[in-house]
Each structure stands twice: as C-alpha cells, then as structure tokens.
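# Architecture at a glance
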There are 2 protein chains.
Amino acid sequence: MKPLENVAIVGVGLIGASIGLALRERKLAKRVVGIGRRQSSLRVARQMGAVDTTTINLARGVADSSLIFVCTPVGQIAEHVRQVAEHCPEGSLITDVGSTKQVIVESVDGKLPRGCRFLGGHPIAGGERSGPAYARADLFEGRITVLTPTKNTRAEDFDTLSDLWARLGAVVVRMSPEEHDQALAITSHLPHLVASALAGMMPEHLLRFVGTGFLDTTRIAAGSPELWRDIFLHNRTNLQEALRLFQAKLAQFAQALAKNDAQTIQALLEEGKRHRDALAG
Amino acid sequence: MKPLENVAIVGVGLIGASIGLALRERKLAKRVVGIGRRQSSLRVARQMGAVDTTTINLARGVADSSLIFVCTPVGQIAEHVRQVAEHCPEGSLITDVGSTKQVIVESVDGKLPRGCRFLGGHPIAGGERSGPAYARADLFEGRITVLTPTKNTRAEDFDTLSDLWARLGAVVVRMSPEEHDQALAITSHLPHLVASALAGMMPEHLLRFVGTGFLDTTRIAAGSPELWRDIFLHNRTNLQEALRLFQAKLAQFAQALAKNDAQTIQALLEEGKRHRDALAG
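Because the structure is a prediction, the values reported are computed rather than measured.

Calculation rules
- Residues numbered from 1 in each chain as written.
- Chains lettered and ligands numbered in written order.
- Predicted model: local features only at pLDDT ≥ 70, side-chain atom pairs only at ≥ 80, totals over all residues.
- Buried ≥ 20, exposed ≤ 12 C-beta atoms within 10 Å, placed from the backbone.
- Helix = DSSP H or I, 4+ residues; strand = E, 2+ residues; numbered from the N terminus.
- Least-squares fit on C-alpha atoms with pLDDT ≥ 70 in both.
- Contact = placed C-beta atoms within 7 Å.
- Pairing = 2+ DSSP bridges.
- Axes fitted to C-alpha atoms, helices over the stretch in contact; angles between N-to-C directions.
- Nonpolar A, V, L, I, M, F, W, Y, C, P; charged D, E, K, R; others polar.
- Parallel < 35°, antiparallel > 145°, perpendicular 65-115°, else oblique.
- Left-handed = near helix turned anticlockwise from the far one by under 90°.
- Expected span 1.5 Å × (residues − 1).
- Bend = angle between axes of the 7 residues up to and from the residue.
- pLDDT = per-residue confidence, 0-100.

## Description of helix α9 (residues 225-234) of chain A
The buried fraction of α9(A) amounts to eight of the ten residues, a majority that puts the element mostly inside the structure. For α9(A), the complete set of buried residues consists of A:P225, A:W228, A:R229, A:D230, A:I231, A:F232, A:L233 and A:H234.

Pasting the structure below:
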C-alpha cells in the first residue's frame, strides 16, 4: 500500500489523536489534518505529533482529504459525516470510530452527496482516560477493529480501510451494523450501565468503606454521561435485552441466597471466575 | 507502646503476611510466628521477612503468643479461633481479619476457654492478587481497619488492637458487627456478586469483543469461589437487601430505556459519575 495523501481527523480525542500518531509514526499518510472545536485540544494533538496541521474550520480542514476519520461522540457522528461530505473532495471515503453502528450507518450509508461513501468502523480500544494527551501510537496494537460494510459498500473501500487498520496494528473483524450493536450491548454498554448503577446506589456515608473491588467494578462510571446517554439511546433495544439477561443472572443469585443454597452460589461464582479467567488484564 | 512479645499469625496469605511484614519492619513485636497448612506459603512468608519462624503445628505455634491474628478464610475463622484458645497462653487476645463479622463474633465472643478473649477486626485492604508473595508492609497505610467490640470486650483489649492497627498505618473505625456487615454488604460483597454475574452471563463467543471497561468491571470475579461463597452465606441477609437496592436501581435504568427517556438516563449516569468521582483510584 502506498502512503495515503491527506487524511483528515475530525475530533482529536484519545482515539482520533491515537490514529493520527499511528499514521504519522508509520508513515502511512503524507499529511494528517486535525479538526476540532477547541483550540486547546488541537494544540495538544499538534504538540504530541498526532497531526501535521489543525483547524477549527471543518470545511477547510477536509478540503484536500480523500480519507476522513470522524472521531466525535456518537450523538454527533452522522451530522459530522454529512458536513464532511459537503466539503471534502468528490468521491472521498468517510469512516468513523463510534461505539454504536446501526443508527449511524442507517443515517448516512448510501445517502451522501457528491459521490462520497461512508463505511462504519469501531476500534475496540481506549481506556478510562480521554483526551489527546493520553493518545498512543500503539493503542490499536492487537485490538479488534470492527468494520461494518453494507450492500452499498464498495469492495475497494472495505479493502482500503481493512488494510489501513491492519497497518495500525488492529485485528479487523467484519460484522453487520446489527451484529456489532448486539455484541457491544453485552460486552461494553451493559457493563457501563452496571458500573453506573452500582456507583449510583452507593450511599455517600459508605464511600469510605469501599475497597479496590468496588473501585475496579465502578471505574467506568466516571465516563461522560452525555456520551453514554447517546450510546444507550442508539443501542436501546439491544441494551434492554442485555439488561434482561443480566437481571435473570442476578435473580439466580437472589434465589440461591434466599434458599441458603451453598452449592448453587458456588456454581454461579465458579461460572463467573471461569469466564473472567479466560481473559487477561 | 512497648513492643509486643510474641505475635502469632494463623494464615500467611496476603493480609497475614502483610501484618507480619509491617510488625517486623516497624519493630512492634519481639517475634512473629507464622502458622499455616502449606510449607510452600510458609517458606515464601519467611523468605520475604514477614515472619521470624514458621510451623504447620497450630498448637505449638501459638504456645508462646499473647496476641494472635487469625487470617484464614471466613468460613474457617471461628474454628481456628477456638483451636488457638485451647493452646495459647491463658488470657491471650485473639483477633481476626475476616470480611464478615457477625457470624464469627457470635460464634466465639465471650465463649472462649482459659480466659482468652476475641475481638473482631477487618482491615479494608488487599487487592486482586492473593498469597504472601504480594504482601507489603504498607498495605494498611491510610486504609480503614474496622474493629467490632461487643459488651464482652475489655476496654484494654480494644485499646491494644486500636493502637497496634494505628501503628500499622490504618485508620481505625469502631463499629458493631451488625453495622460492619451491613456496610460491607454494599461496599464489597454486592460488587463481587455483580462482577461475577456480569462475567457469568457473558457468552463465550463474545469474549473477544470486550474492552477495558468490561475487564475492570469484572476483575474481582476471578476471586476464590469457595471464599466468596462463605462470605455470601455469612452475610446473606444484608447481601439480599443490598441486591434488592441494586435491582431497584437497574429497574430505573430499564424503565428509562423503555420510555426512551434521555433526561432520566442522563440523570442516572450523572449520579453514578458523581459518586465515582468522589473516590480516587
């Protein structure tokens, strides 16, 4: 693969800035343009070497880019994709990194003007910290990036993005937007809901008695409420189903406790341990 | 406080070995005896400098100790306390570090032979790793240790342990066994149940799609099923009540999702974030 010409990144938070860093360190693009709303984030991204140039003017920032990553919160992605398509070169490829796919893909897939195409993506990477200051060129190394082509997707666009994510170190997995959202409802959106509910129910006078277990279990509850509200609303139906499955598992614990059933309690704890032990970290 | 004479530690896991290390580094005891069932753990504890001598013979190990820490799993503590009381010097003080207090205290408080007394304790410290190899002399630094005196407790016994835990770096909090178990049901035992349920319901084919959020939220599910089964059974009634409160909070999320109620979803997420942000780590 020869280096891409100009790549634009709309939204230089943790993921956007990490894509920029990785593109530049691996010399995969001639120039990386960072586009944002706040000069402060753009300055950090530039100082870190995540982008070559920056602008708060989206139209100007994408004017020369044939590949554009939209890395803004899920509630804003579709609108940003439409704005990009108005101002980028004709026939450009636009992608995203949003944690939900179905609502976004349905909003823009096959509906963009000027020959532009959208192909949805989601790198399953990140961490508890946000912002460009925590960006890393190896953030995607060995992590899955899901791409969600549709019947409107051109094979060469899928190949372009698939190759690029592989060069950023990711393991590319192809799924439909629906499959993606079903899976992530259980692996990511439900855990956030659970952590938030557990933190939220804690009476303040007991906060001093928490140990490392509570801290780990509720860590992601510190995430942005606006961002996660939009993720929950985008993936509402799948999240409701995941929550029902979780409530059913809790009911098994509740019943075993009510019956003082040591054997079932142990079996449930063993099931949880077996699944957790299958994962590192 | 002059140095204690001989201190015995029954069970040299993470907590027991950390007590030994801290006692020895701070020169708070003349000799620390480590008692365990497995030579391998005892050897690690000895090599780390957590204890001066070790034995697998409980009767011999406690024969010269006027203060004995029982640091075994909660399901075994009461029995070990009784065994210690049979073999230690008359009038010795026995304490523990168990994660539950009511069942243990009721089993032995005021019921020990030979003038021995029991005073329950629980240092809220530790981590995801267990075993003496992870012991640290500063494990209790700035952490709460709860002591649970009863009407049978002598004031000088409370003072002895309170002073000692303060010298180990802990912030000592006095609670009744009932208050302790109510608080810990919410701050520790419920989070374990929740983490285990979340890990347990995860279909194996989706494990590859988990991110750091799921890893954090389920980390404690890797703990010992036997240990946590006994904690759950000891604190069954309080844990049932804590679980009901958690289920009620989940029902608020479920209802807000069913109504597509963005405002309530955001308010719930903000509540969780506010509580979590109040804690460091």
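## Details of the relation of the copies chain A and chain B
Each copy of the chain is related to the other by a rotation around an axis and a translation along that axis. Relative to chain B, chain A is turned by 180° and slid 0.0 Å along the rotation axis, the superposed coordinates differing by an RMSD of 0.0 Å. Seen this way, the second copy is the image of the first under a two-fold rotation axis. Proximity to the rotation axis, assessed at the C-alpha, singles out A:T217 in chain A; its C-alpha lies 1.9 Å from the axis. Most of the interface of chain A is mirrored in chain B: 100% of its interface residues are interface residues there too.

## Topic: the sheet that holds strand β7 (residues 144-148) of chain B
Two orientations exist for strands paired in a sheet by backbone hydrogen bonds: parallel and antiparallel. All names here are of chain B. One open sheet accounts for eight strands, arranged β3-β2-β1-β4-β5-β6-β7-β8; its pairing is mixed. Each edge of the open sheet is held by one strand with a lone partner, namely β3 (53-55) and β8 (171-174). Neighbouring strand axes in the sheet, compared pairwise and without regard to direction, differ in orientation by 25° on average. As defined by bridge partners, strand β2 (residues 29-35) adjoins β3 across three bridges and the pair is classed as parallel.

## Here's the deal with the interface of chain A and chain B
The partner chain B presents 74 residues to the 74 residues of chain A that form the contact. Elements supplying a minimum of two residues to the side of chain A that touches chain B: α7 (177-201), α8 (212-218), α9, α10 (236-258) and α11 (262-277) of chain A. Split by residue class, the side of chain A that touches chain B holds 42 nonpolar, 19 polar and 13 charged.

## Quick look at the packing of α9(A) against helix α11 (residues 262-277) of chain B
Orientation of α9(A) relative to α11(B), taken along the N-to-C sense of each, is 135°, at an axis distance of 9 Å. Here α11(B) runs oblique to α9(A), going by the angle between their axes. Between α9(A) and α11(B) lies a crossing of right-handed hand. Where α9(A) abuts α11(B), its residues A:P225, A:E226, A:W228, A:R229, A:F232 and A:L233 lie against B:A262, B:I265, B:Q266, B:L269, B:E270 and B:K273. Of the residues assigned to the contact of α9(A) with α11(B), the class counts are seven nonpolar, one polar and four charged.

## With respect to the sheet that holds strand β2 (residues 29-35) of chain A
Residue and element names in this part refer to chain A. Strand order in the open sheet formed by eight strands is β3-β2-β1-β4-β5-β6-β7-β8, and the pairing between neighbours is mixed. Sheet topology places β3 (53-55) and β8 (171-174) at the edges, where each strand pairs with a single neighbour. Each neighbouring strand pair of the sheet contributes to a mean axis angle of 25°, computed without reference to strand direction. Relative to strand β7 (residues 144-148), strand β6 (residues 117-123) runs antiparallel, the two sharing four bridges. For H122, the partnering residue across the bridge sits in β7 and is V146. Lying on the sheet, helix α1 (residues 14-25) is in contact with β1 (4-10), β2, β4 (67-70) and β6; it crosses β2 at an angle near 160°.

## Regarding the environment of B:L14
Residues and elements named next belong to chain B. By secondary structure assignment, the location of L14 is in helix α1 (residues 14-25). L14 gets classed as buried once you count the C-beta atoms within 10 Å, which come to 20. Sequence-wise, L14 and G110 are 96 residues apart; in three dimensions their C-alpha atoms are separated by 29 Å. Those residues in contact with L14 that sit more than four places away from it in its chain are G126, R129, S130, G131, P132, Y134 and A135.

## Overview of α7(A)
Residues and elements named next belong to chain A. Spanning 25 residues, α7 covers 33 Å between terminal C-alpha atoms, matching the ideal 36 Å at 1.5 Å per step. At A185, α7 shows its largest bend, some 50°. In terms of residue burial, α7 counts as a mostly covered element, since 23 of its 25 residues are buried.

## Regarding the confidence of the model for chain A
In the predicted model, chain A carries a mean pLDDT of 95, and the fraction of residues at 70 or more is 99%. Note on the complex model: pTM 0.94, ipTM 0.94.

## Describing unusual backbone geometry
Residue and element names in this part refer to chain A. Backbone geometry at K27 places phi at a positive 55°, although glycine is not the residue there. The residue K27 is located in the loop between α1 and β2 in this model. The backbone phi angle of N260 is positive, close to 55°, even though this residue is not glycine. Summarising the element assignment, N260 is placed in the loop between α10 and α11. According to the C-beta neighbour criterion, N260 is exposed, with 11 such atoms within 10 Å.

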